[in-house]
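Reading the structure
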Amino acid sequence: MHISARHDYAVQAMLAIAAAGGGPVKTSDLAVMQGIPASYLPSILADLRRAELLSSRPGTDGGFSLARQLEQISVGDIMRAVSGALASVRGRPPHTITYTGAAVALPGLWQSVHTFTSDLLDSTTLLDLLGDGQGSGPPTDRDTAADGTTGQRS
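Reference entry: report on the structure contained in this document. (Residues numbered from 1 in each chain as written. Predicted model: local features only at pLDDT ≥ 70, side-chain atom pairs only at ≥ 80, totals over all residues. Heavy atoms only, no water.)

Focus on the overall build of the protein chain
Regarding its fold elements, the protein chain presents seven helices and two strands. Reading the protein chain from its N terminus to its C terminus gives the helix and strand order α-α-α-β-β-α-α-α-α. Looking at the protein chain as a whole, 33% of its 154 residues are labelled buried. Considering only intrachain contacts with a sequence separation of at least 6, the fraction spanning at least 24 residues in the protein chain is 60%. Here the protein chain displays about 9000 Å² of accessible surface, and carbon together with sulfur accounts for 54% of that area. (Helix = DSSP H or I, 4+ residues; strand = E, 2+ residues; numbered from the N terminus. Buried < 20%, exposed > 50% of the residue type's maximum accessible area, 1.4 Å probe, protein only. Contact = heavy atoms within 4.5 Å. Areas by Shrake-Rupley, 256 points an atom, 1.4 Å probe, with all protein chains shown as cover.)

Listed below in C-alpha cells is the structure:
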C-alpha cells in the first residue's frame, strides 16, 4: 500500500471539516488550517463530493460540509474516493497478479496485506480519529486485548 499526498491531504481535509463541526469550511481555510497546498484541494474536494462524502454550498457563507455523520465516514471511504483501490501491486489489484517458480506464494501475501489494510481503513472513522480531541486514534490490538474486546464493530 502506498499512501500518497493525495490520500493524506484528503483525510486531513475531512478531519479539518469534521473538527469544524462538519462545515461549511472554505477551500482557502482548509489549505491554511492543514498546511495543504491550495492547488491540490479543488480536485480532491471534488472527488470527495462526487463520492457523496462532502456537500458544497457556494457563496460567502458557503464551503464544504460533511455529507454524513462522523461515524459513517471511514478512512477507506475517503481514500477510495480520491484514488480507487486501496492497494495495488505494480498498478494492478493484488488478486490479479500471478507468479511462477519460487515466488508462486506471493499473491496470497499481497492479498493478505490488501485485506488487512482494507479492514483497518474501513473500520477507522473520522470519529475514531478525532476521538476526544487527544489524537487517540482507533483502538489497536493491544488496546482491545487489554480490555477484553475484539475490536470488531457491530
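Once the structure has been displayed, the description carries forward.
Notes on the environment of Ser 28
As for its placement among the helices and strands, Ser 28 is situated in helix H2 (residues 27-34). On the accessibility criterion, Ser 28 (46% relative accessible area) is partly exposed. Sequence-wise, Ser 28 and Ala 38 are ten residues apart; in three dimensions their C-alpha atoms are separated by 6.7 Å.

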